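Structural characterization, general
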Amino acid sequence: GWPYLGDFDMNDLVMDLTPTYSTDANNKVTQLRLDIVLRAIGATKRLGVGLQLDGVNPSVITNVTRSNSAGANGSIFSVGTNGLEQGQTNAVIPLFDVVHEALGRSSSVMTNTIKGSPNSVSSLSVPFTIIFNTPIDKASVGLEKFNVFLINGGYQAKRHEVHMSGFQATDKADHSKFGFADDNSNVRPYTSKGNMIWGLAIPGSAKYPAEWTSIKDAYPEFESWATSSGTTNLEWYKYPNENAIYE
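Residues numbered from 1 in each chain as written. Predicted model: local features only at pLDDT ≥ 70, side-chain atom pairs only at ≥ 80, totals over all residues. Heavy atoms only, no water.

Notes on the sheet that holds strand 1 (residues 14-23)
In space, the four strands of this open sheet follow the order 1-2-6-4, with antiparallel pairing throughout. The open sheet has two edge strands with one neighbour each: strand 1 and strand 4 (61-66). Geometrically, the sheet is characterised by an average inter-axis angle of 15° between neighbouring strands, direction not taken into account. Bridging between strand 1 and strand 2 (residues 29-40) involves 10 bridges; their strand directions are antiparallel. Its bridge partner being in strand 2, Leu17 is matched across the sheet by Ile36. (Pairing = 2+ DSSP bridges. Helix = DSSP H or I, 4+ residues; strand = E, 2+ residues; numbered from the N terminus. Axes fitted to C-alpha atoms, helices over the stretch in contact; angles between N-to-C directions.)

In structure tokens:
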């Protein structure tokens, strides 16, 4: 719903990302494998997904390959011969142009988020392999550099990107909604005026709220964690209200 907070169920896209590093004798990374598992889509709007590696120049990457092309049709991302999105200062890896198509949906229906709904499918696993032409420090491609984002409008020209709090938009993002409605990105990127957020990363494969259920109800400690900028209730994600969780 960015730049609005909306129902705040935080399940418009649920995805697991697991990195595996291959290193040389100097403990520098020569290859990075990203195991992506697309689990749920609680949105009826068309969504694309990308991953920007903050601070990583595209020139240091020889190639990006993926195990299958599910949800990747070139309708959002202009992909170069090396598998990266073209025209970016930082390396941007296109994950999905259309997430619903990736899960085999012919239309933009909520999938795997409504209790008792027939719109449930198996999750999708897509491993990506990133080859570096020169070994790179592991800190340069650590988790804190994984800038995952959604595209929920504008798709190519003036595209609307939704990132996690504090992460910068890509070069192709439209900034016209910054500071509009609930958004406060002119102060801190992708943070609301009430210090809430639109995206988050959780250690491990976490449970997620059922459709139309605020994450504040699904995880009672979430709000204090978010509004404190992550200084309190650091393990909020371990204590769900099971009645508010999608199973």
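So, unusual backbone geometry
Along the chain, Trp2 connects to Pro3 via a cis peptide bond; the corresponding omega equals 10°. Non-glycine residue Tyr155 carries a positive phi angle of around 30°. Mapped onto the fold, Tyr155 is located in the loop between strand 7 (146-151) and strand 8 (161-163). The phi dihedral of Asn233 falls on the positive side, at around 50°, and the residue is not glycine. Within the fold, Asn233 resides in the segment after helix 3 (222-227). With a relative accessible area of 30%, Asn233 lands in the partly exposed category. (Buried < 20%, exposed > 50% of the residue type's maximum accessible area, 1.4 Å probe, protein only.)

Comments concerning the pattern of salt bridges
Within the structure shown, the criterion is met by nine salt bridges. Here Glu85 makes a salt bridge to Arg159, at a shortest N to O gap of 2.8 Å. With Glu85 in the loop between strand 4 and strand 5 (91-96) and Arg159 in the loop between strand 7 and strand 8, the pair connects residues that are 74 residues apart, well separated along the chain. With relative accessibility at 4%, the residue Glu85 sits in the buried group. Close ionic contact of Glu242 with Lys207 constitutes a salt bridge, the shortest N to O distance being 2.8 Å. Taken as a pair, Glu242 in the segment after helix 3 and Lys207 in the loop between strand 8 and helix 2 (215-218) lie far apart in primary sequence, 35 residues in all. Owing to a relative accessible area of 40%, Glu242 belongs among the partly exposed residues under this scheme. Owing to a relative accessible area of 36%, Lys207 belongs among the partly exposed residues under this scheme. One network of salt bridges, in which partners are shared, links Glu85, Arg159 and Glu161. (Salt bridge = Lys/Arg side-chain N within 4 Å of Asp/Glu carboxyl O.)

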